[in-house]
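# Remarks on the overall topology
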There are 2 protein chains.
Amino acid sequence: MTKALKKQEIIDHAYELFYDHGFHATGVDKVMADTGISKRTLYKYFASKEDLIAELIGHYGERFLSTAPVEIARLSPDPAGRVMALFDFRKAMFDEGSFRGCFAISANLEYSGRDTPVQAASLKFFETFLNYIKSLCADGGYKDPDKLAGQVIVLFNGAVVASQASRSPAPFDAAKSVLAMLLAAAK
Amino acid sequence: MTKALKKQEIIDHAYELFYDHGFHATGVDKVMADTGISKRTLYKYFASKEDLIAELIGHYGERFLSTAPVEIARLSPDPAGRVMALFDFRKAMFDEGSFRGCFAISANLEYSGRDTPVQAASLKFFETFLNYIKSLCADGGYKDPDKLAGQVIVLFNGAVVASQASRSPAPFDAAKSVLAMLLAAAK
DNA sequence: CTCAATGTAAACAGATCGGTTTACTTTTAA
DNA sequence: TTAAAAGTAAACCGATCTGTTTACATTGAG
């Protein structure tokens, strides 16, 4: 097995464990056991637990960018409808139980207040995500797409967090009703 | 010192520690040492660490309800302006560095996916908070205050989380601009 | 004054934490 | 074939985790 594959294997297992059980609550021993590797190997690929988590956030971002745009374009062939489709996309994942909240938000809050690689990685993700929303707004032909994107991301984060906390996709409906107004005004 | 005072002392110290350093990252030993009590005393007042955290969420809610309405009424003598004043109230705390995110959201996310007293307590807080927003909407004379409150809380949570993650009050401005539209439409 | 309640300090339990290191085996590529 | 690279298992480090228990001191109300 090549280096890259081994590393990817660690990432895949660690990603699921941290996502499901939290960051401080999941020890590196669990990651080792789950992946089936020794501690030495783990620390050959990652300098520290926090560095591993930072890389996982990058992995989360890449996964999002490689799946969301395709699915969103499928949901709305019309570019103008894709901002709304972003919300439908996430809501659908909540409905089917495959969305467990935003990995980057969860990581950021759990390491909140400190300066760690985790903070840097999550801030980078937020920037990437905001840029994606900006592109959706611009391509949709909306006025002042940068300002609109800033409003949309707040709405989106609120829906994600509330859905995760309440284990219900209902907050997405409230968010979508606000978004509809926002989009109508920016048409 | 009476029972109630002793318990309150534990709560006060534990509240600060968990707020600043996170829940799993803060051990009960730290709470003991900081409060200046023995482990036996701690476990006399609280059955477990998770029960302690659940009570802290209740404490967070009480603290909010005993301070926010007063300050918000001061910020906006006109009831119609108090929904917006809620956002100004929190934004001001971010500006002065005294707001560290929502205690209940942080706790809920860190214990996400499991069924603990922490979940129950945070859900109860969200309900209390939503009811407060509903009362602000109703007293402000807005149409369909229950629906409006559901939209407002999503917006609010999004601003809180984004501010905490980015350590900037800027998301509150985006949220406020959306809220202004929302309130205008519900006038 | 006395006795029960409340507190303390500290040992103990068994487990886990992140991280390093040693000794040995397997794989892989020249 | 051989030597380097990469892997393993496991001991070790010092610290921490939640929670229980024991033995003793303080306190306060009747």
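Residues numbered from 1 in each chain as written. Chains lettered and ligands numbered in written order. Predicted model: local features only at pLDDT ≥ 70, side-chain atom pairs only at ≥ 80, totals over all residues. Heavy atoms only, no water.

### Remarks on the overall build of chain A
The number of helices and strands found in chain A is nine helices and zero strands. Starting at the N terminus and ending at the C terminus, chain A contains elements arranged as α-α-α-α-α-α-α-α-α. By the compact-globule yardstick of 16 Å for 187 residues, chain A fits well, its C-alpha radius of gyration being 18 Å. Expressed along its principal axes, the backbone C-alpha trace of chain A runs to roughly 55 × 35 × 30 Å. Counting only residues that meet the buried cut, chain A has 49% of its 187 residues in that class. Long-range contacts, defined here as pairs at least 24 residues apart, represent 67% of the contacts in chain A between residues at least 6 apart. Element-wise, carbon and sulfur atoms account for 55% of the exposed surface of chain A, whose accessible area totals about 8100 Å². (Helix = DSSP H or I, 4+ residues; strand = E, 2+ residues; numbered from the N terminus. Rg over C-alpha atoms; globule rule 2.2 N^0.38 Å. Buried < 20%, exposed > 50% of the residue type's maximum accessible area, 1.4 Å probe, protein only. Contact = heavy atoms within 4.5 Å. Areas by Shrake-Rupley, 256 points an atom, 1.4 Å probe, with all protein chains shown as cover.)

### Re the relation of the copies chain A and chain B
The two copies are related by a screw motion: chain A maps onto chain B through a turn of 180 degrees and a shift of 0.0 Å along the axis, at an RMSD of 0.0 Å. The symmetry that links the two subunits is that of a two-fold axis. When C-alpha positions in chain A are compared against the rotation axis, the closest is assigned to A:Gly158, at 1.8 Å. (Least-squares fit on C-alpha atoms with pLDDT ≥ 70 in both.)

### Re the side chain of B:Ser106
Relative to the assigned elements, B:Ser106 resides in helix 6 (residues 103–110). The exposure class of B:Ser106 is buried, given its relative accessible area of 12%. With sequence-adjacent residues up to four places away left out, B:Ser106 is seen in contact with A:Leu109, B:Phe23 and B:Gln164.

### Quick word on the interface of chain A and chain B
Often, the extent of an interface is quoted as the loss of accessible area on bringing the components together. Across the contact, 37 residues belong to chain A and 37 residues belong to chain B. Measuring nitrogen to oxygen at the nearest pair gives 2.9 Å for the salt bridge that ties B:Asp115 to A:Arg167. Along the contact surface separating chain A from chain B lie eight residue pairs in polar contact (both at pLDDT 80 or more). Elements that contribute at least two residues to the side of chain A that touches chain B include exactly helix 6 (103–110), helix 7 (117–139), helix 8 (145–166) and helix 9 (170–185) of chain A. Top contributing element to the side of chain A that touches chain B by residue count: helix 8 of chain A, with 13 residues. (Salt bridge = Lys/Arg side-chain N within 4 Å of Asp/Glu carboxyl O. Polar contact = N/O pair within 3.5 Å; in protein donor to acceptor, adjacent residues only side chain to side chain.)

### Side note on the nonpolar core
If you look at the biggest cluster of nonpolar residues, it comprises 136 residues, and the most contacted ones within it are A:Leu86 and B:Leu86. Not counting chain neighbours up to four residues away, the residues in contact with A:Leu86 comprise A:Phe64, A:Ile72, A:Phe129, A:Tyr132, A:Ile133, A:Leu136 and A:Phe156. (Core = buried A, V, L, I, M, F, W, Y, C linked by side-chain atoms within 4.5 Å.)

### Points about empty space enclosed by the protein
Counted under the stated rule, the structure contains three cavities of 30 Å³ or more. Quantified by volume, the largest cavity comes out at close to 90 Å³. Around the largest cavity, the lining residues are A:Tyr60, A:Phe64, A:Arg90, A:Phe99, A:Cys102, A:Ile105, A:Phe125, A:Phe126, A:Phe129, A:Phe156, A:Asn157 and A:Val160. Empty space within the second largest cavity amounts to approximately 70 Å³. The wall of the second largest cavity is formed by B:Tyr60, B:Phe64, B:Arg90, B:Phe99, B:Cys102, B:Ile105, B:Phe125, B:Phe129, B:Phe156, B:Asn157 and B:Val160. Taken together, the elements giving at least two residues each to the lining of the second largest cavity come down to helix 4 (49–75), helix 7 (117–139) and helix 8 (145–166) of chain B. It is helix 8 of chain B that contributes the most residues to the lining of the second largest cavity, three residues altogether. Residue composition of the lining of the second largest cavity, by class: nine nonpolar, one polar and one charged. (1 Å grid on protein atoms, 1.4 Å probe; cavity = no way out; pocket = protein on both sides within 12 Å on 5 of 7 lines; lining within 4 Å. Points joined across faces, edges and corners; volume = space filled by probe spheres on them. Nonpolar A, V, L, I, M, F, W, Y, C, P; charged D, E, K, R; others polar.)

### Things to note about the domain arrangement of chain A
All names here are of chain A. What the domain assignment reports for chain A is domain 1 (1–46) and domain 2 (50–185). Contact residues are listed per partner, giving 16 residues for domain 1 and 17 residues for domain 2. With both chains or domains summed, domain 1 and domain 2 bury close to 1600 Å², and 66% of this area falls on carbon and sulfur atoms. Of all residues in domain 1, Tyr 15, Tyr 19 and Phe 23 bury the most surface against domain 2, accounting for 50% of the area lost on that side. (Domains from an automatic or database assignment. Buried area = accessible area lost by both parts, 1.4 Å probe.)

### Let's talk about the packing of helix 8 of chain B against helix 9 (residues 170–185) of chain B
Residues and elements named next belong to chain B. The N-to-C vectors of helix 8 and helix 9 enclose an angle of 170 degrees; their axes lie 8 Å apart at closest approach. Comparing the axis directions of helix 8 and helix 9 gives the class roughly antiparallel. In this structure, helix 8 uses Leu 148, Gln 151, Val 152, Leu 155, Phe 156, Ala 159, Val 160, Ala 162, Ser 163 and Ser 166 to contact helix 9, whose residues at the interface are Pro 171, Phe 172, Ala 175, Val 178, Leu 179, Leu 182 and Leu 183. A breakdown of the residues in the contact of helix 8 with helix 9 according to their chemical character gives 14 nonpolar, three polar and no charged. (Axes fitted to C-alpha atoms, helices over the stretch in contact; angles between N-to-C directions. Parallel < 35°, antiparallel > 145°, perpendicular 65-115°, else oblique.)

### Remarks on helix 6 of chain A
With respect to burial, helix 6 of chain A is a largely interior element, eight of its eight residues being buried. All of the buried residues in helix 6 of chain A are A:Phe103, A:Ala104, A:Ile105, A:Ser106, A:Ala107, A:Asn108, A:Leu109 and A:Glu110.

### As for the packing of aromatic side chains
All names here are of chain A. Applying the stated rule across the entire model yields 40 aromatic pairs over all chains. Here the basic side chain of Arg 100 rests over the ring of Tyr 19, its NZ or CZ set 4.1 Å away from the ring centre. If you follow Lys 187 out to its NZ or CZ, it ends over the ring of Tyr 142, 4.7 Å from the centre. (Phe/Tyr/Trp six-rings, centres within 6.5 Å; stacked < 30°, edge-to-face > 60°. Lys NZ or Arg CZ within 6 Å of the ring centre and 35° of its normal.)

### As for the pattern of salt bridges
A side chain with one charge can pair with a side chain of the opposite charge if their charged atoms come near. This structure, assessed with the given rule, holds 20 salt bridges over all chains. Measuring nitrogen to oxygen at the nearest pair gives 2.9 Å for the salt bridge that ties A:Arg74 to A:Glu71. Of this pair, A:Arg74 and A:Glu71 both sit in helix 4 (residues 49–75), three residues apart, which is roughly one turn of the helix. Take A:Arg74: its relative accessible area is 56%, and that puts it in the exposed class. Taking relative accessible area as the criterion, A:Glu71 reaches 25% and is therefore assigned partly exposed. Across the pair B:Lys91 and B:Asp173 runs a salt bridge, and its minimum N-O distance is 3.7 Å. With B:Lys91 in helix 5 (residues 82–95) and B:Asp173 in helix 9, the pair connects residues that are 82 residues apart, well separated along the chain. Overall, B:Asp173 belongs to the partly exposed group, its relative accessible area being 41%.

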